[in-house]
Amino acid sequence: MYLHPIPSKSMPFDSSADAPTQQSRLRLVYPLMALVAASALSACGGGDSASTLESASADVAAATSAENEFESAQASGRWSSRPRPPTRPSKPAPSPAPAPAPAPAPSPSPAPAPAPSPAPAPPAGAGRPVPMPMYGVTVDDVSSLAAITESLSRLSRMPTTRIVFDEYQPASDYRKAAVAINKVSYVMGEILDSQYLTTVNVQGYLDRTREYLAALGDVVDIWEIANEINGEWLGNNADVVAKMSGAYDIAKGQGRTTALTLYYNQDCWSKRSNEMFTWAQANIPERMKQGLDYVLVSYYEEDCNNLKPDWSAVFKRLETMFPNSRLGFGEVGTSKAADKAAYLQRYYALKPPVAKWAGGHFWWYFKQDMVPYTKPLWNTLNQAFANTP
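Residues numbered from 1 in each chain as written. Predicted model: local features only at pLDDT ≥ 70, side-chain atom pairs only at ≥ 80, totals over all residues. Heavy atoms only, no water.

Draft legend 1. Broad picture of the pairing of strand β7 (residues 326–331). A large share of β7 lies buried, amounting to five of its six residues. Inspection of the sheet shows strand β6 (residues 294–298) paired to β7 by five bridges, in the parallel sense. By the bridge assignment, Leu 296 is partnered in β7 with Gly 328. Regarding the hand of the β-α-β motif, the stretch spanning β6, helix α9 (residues 311–321) and β7 is right-handed. Taken together, the three bridges between β7 and strand β8 (residues 357–363) define a ladder with parallel strand orientation. Paired with Phe 329 across the strands is Gly 360, a residue of β8. Handedness of the crossover joining β7 and β8 through helix α10 (residues 340–348) is recorded here as right-handed. (Buried < 20%, exposed > 50% of the residue type's maximum accessible area, 1.4 Å probe, protein only. Helix = DSSP H or I, 4+ residues; strand = E, 2+ residues; numbered from the N terminus. Pairing = 2+ DSSP bridges. Right-handed = clockwise from strand over helix to strand, strands pointing away.)

Draft legend 2. Examining the pattern of salt bridges more closely. In this structure the tally under the stated criterion is 14 salt bridges. In this structure, Glu 331 and Arg 162 form a salt bridge, with 2.8 Å as the shortest nitrogen-oxygen distance. Within this pair, whereas Glu 331 is found in strand β7, its partner Arg 162 is found in strand β2 (residues 160–164), the two being separated by 169 residues in sequence. Accessibility assignment for this pair places Glu 331 and Arg 162 in one class, buried. The salt bridge involving Glu 301 is made with Lys 308; its shortest N-O contact spans 3.6 Å. Given the relative accessible area of 5%, Glu 301 is considered buried. (Salt bridge = Lys/Arg side-chain N within 4 Å of Asp/Glu carboxyl O.)

Draft legend 3. Broad picture of the sheet that holds strand β4 (residues 222–226). Ordered by their spatial adjacency, eight strands build a closed barrel running β1-β2-β3-β4-β5-β6-β7-β8, and the pairing between neighbours is parallel. Strand-to-strand, the axes of this sheet are offset by a mean angle of 25°, without reference to chain direction. Both strand β5 (residues 258–263) and β6 contribute to a ladder of five bridges, which runs parallel. Each residue of the ladder has a partner; that of Leu 260, found in β6, is Val 295. This element, α10, spans β1 (134–139), β7 and β8 of the sheet and lies at about 165° to β8. (Axes fitted to C-alpha atoms, helices over the stretch in contact; angles between N-to-C directions. Contact = heavy atoms within 4.5 Å.)

Draft legend 4. Just the nonpolar core, in detail. Judged by nonpolar contacts, the single largest core of 83 residues is most densely connected at Ile 225, Met 244, Leu 260 and Leu 318. Filtering out sequence-adjacent residues up to four positions away, Leu 260 remains in contact with Ile 225, Ala 226, Ile 229, Met 244, Ile 284, Met 288, Leu 292, Tyr 294, Val 295 and Leu 296. The next biggest cluster of nonpolar side chains, apart from the first, holds 10 residues, and it includes Tyr 186, Met 188, Tyr 294 and Phe 362. (Core = buried A, V, L, I, M, F, W, Y, C linked by side-chain atoms within 4.5 Å.)

Draft legend 5. Representation of helix α6 (residues 237–253) in the model. The terminal C-alpha atoms of α6 lie 24 Å apart, and with 17 residues this matches the ideal 24 Å at 1.5 Å per residue to within 8%. Those residues of α6 that are buried are in contact with α5 (202–216), β4, β5, α7 (276–283) and α8 (286–291). N-cap assignment for α6: the residue whose side-chain oxygen lies 3.1 Å from the backbone N of Ala 238 is Asn 236. The positive-phi residue at the C-terminal boundary of α6 is Gly 255, with phi of around 75°. (Expected span 1.5 Å × (residues − 1). Polar contact = N/O pair within 3.5 Å; in protein donor to acceptor, adjacent residues only side chain to side chain.)

Draft legend 6. Representation of α7. Residues of α7 that are buried include every one of Met 276, Phe 277, Trp 279, Ala 280 and Asn 283, and no others. End-on view of α7: buried residues confined to an arc of 165°, all on one side of the axis. N-capping of α7 is provided by Glu 275, with a side-chain oxygen placed 3.2 Å from the backbone N of Phe 277. (Arc of directions from axis to C-beta.)

Draft legend 7. Examining the environment of Ser 270 more closely. Here Ser 270 lies in the loop between β5 and α7. Taking relative accessible area as the criterion, Ser 270 reaches 53% and is therefore assigned exposed. A sequence separation of 38 residues divides Ser 270 from Glu 232, and the C-alpha atoms of the two residues are 7.1 Å apart.

Draft legend 8. Geometry of the packing of α7 against α9. Where α7 meets α9, the axes come as close as 12 Å, and the angle between the chain directions of the two elements is 5°. Between α7 and α9, the angle is such that the two are roughly parallel. Listed contacts from α9 to Met 276, Phe 277, Ala 280 and Gln 281 of α7 are Val 314, Arg 317, Leu 318 and Met 321. Class assignment of the residues belonging to the contact of α7 with α9 gives a composition of six nonpolar, one polar and one charged. (Parallel < 35°, antiparallel > 145°, perpendicular 65-115°, else oblique. Nonpolar A, V, L, I, M, F, W, Y, C, P; charged D, E, K, R; others polar.)

Draft legend 9. Up close: unusual backbone geometry. For the bond running from Met 132 to Pro 133, omega is -5°, close enough to zero to count as cis. Mapped onto the elements, Pro 133 comes out in the loop between α2 (49–75) and β1. For the bond running from Val 371 to Pro 372, omega is 0°, close enough to zero to count as cis. Within the secondary structure layout, Pro 372 lies in the loop between α11 (366–370) and α12 (376–387). In this model, Tyr 168 sits at a positive phi of 70°, which is unusual for a non-glycine residue. Mapped onto the secondary structure, Tyr 168 falls in the loop between β2 and α4 (175–182). By relative accessible area, Tyr 168 is classed as partly exposed at 48%. For Phe 362, which is not glycine, the phi dihedral falls at a positive 50°. By relative accessible area, which is 0% here, Phe 362 ends up buried.

Structure, rendered in structure tokens:
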């Protein structure tokens, strides 16, 4: 899970601060500017000054609360272990519209041409059936698309590629990449990474789910409807549950294949209520416990005191809670270069004794470590795939 620096067009970008800090500062600065303007308007007696000032004050309070929540999560070290990728280039501003030409003298209008038929929407329903176990990798950046697809196409097993759909990006931005990756791999689409769940409210998350399913439903085989859903950094718990269950209902209502990723945090949680099994038991509705196609686990040892869990026991407990779901890993990885090869081999070789083992693993650093395919860790991954029955 990476941090994405998002420089502002109207304010200088402080390269000494990390991306979430930048964003929290901007979220606080803009409401403050609005409050100053509202105060000036009130002093001059202009407009509905009382309501304007009250609205601006509320925005400042909300922004301050969001910044405090971020700083609390940052202090816990949750985002300290995984480096950020290069900054995405900002999109060019649209060209101004040309001035209208003088109207010509009126003349008899020809019969209007029939309007073109709209392009058909991608069909609803499940994607391609993915054979078990899945040979998973994660792509969190779809630039250098040709190199990504070449690395995927050369693997000894047909992979399942998990595409991380970035915050603030429309689904149309991923159409080209998803189509290309679909030709050489099964595809799992992550609607939004857990780190950015607080960037949208409940309705925004459900709208985003509908948008992505409509735009990419014909090229995504599995939909990860929520990521690391029990993490303490996801915001108000009632909103988290509403986003998760609402996205599930939308996807299931269209006959899609669904996955939910939990965050394993034995003895490294900040709040006991967010311990993986405790949170899942209390907050995942029964219809999801019975109906999810995949339940996956995200785990990074360096985020959890370098603990090496008893995975057989963990997945047996999950099997009891989710009796109809395929079980596997939804994210693994390490930022420590010297440990990557051994870490990868160890996790991809795991096969807990559950009836519906899905594998997956979805190495977070595929783009960084295995693209192009000439990088040494590509061979390590390829051999791990080959050694998995």
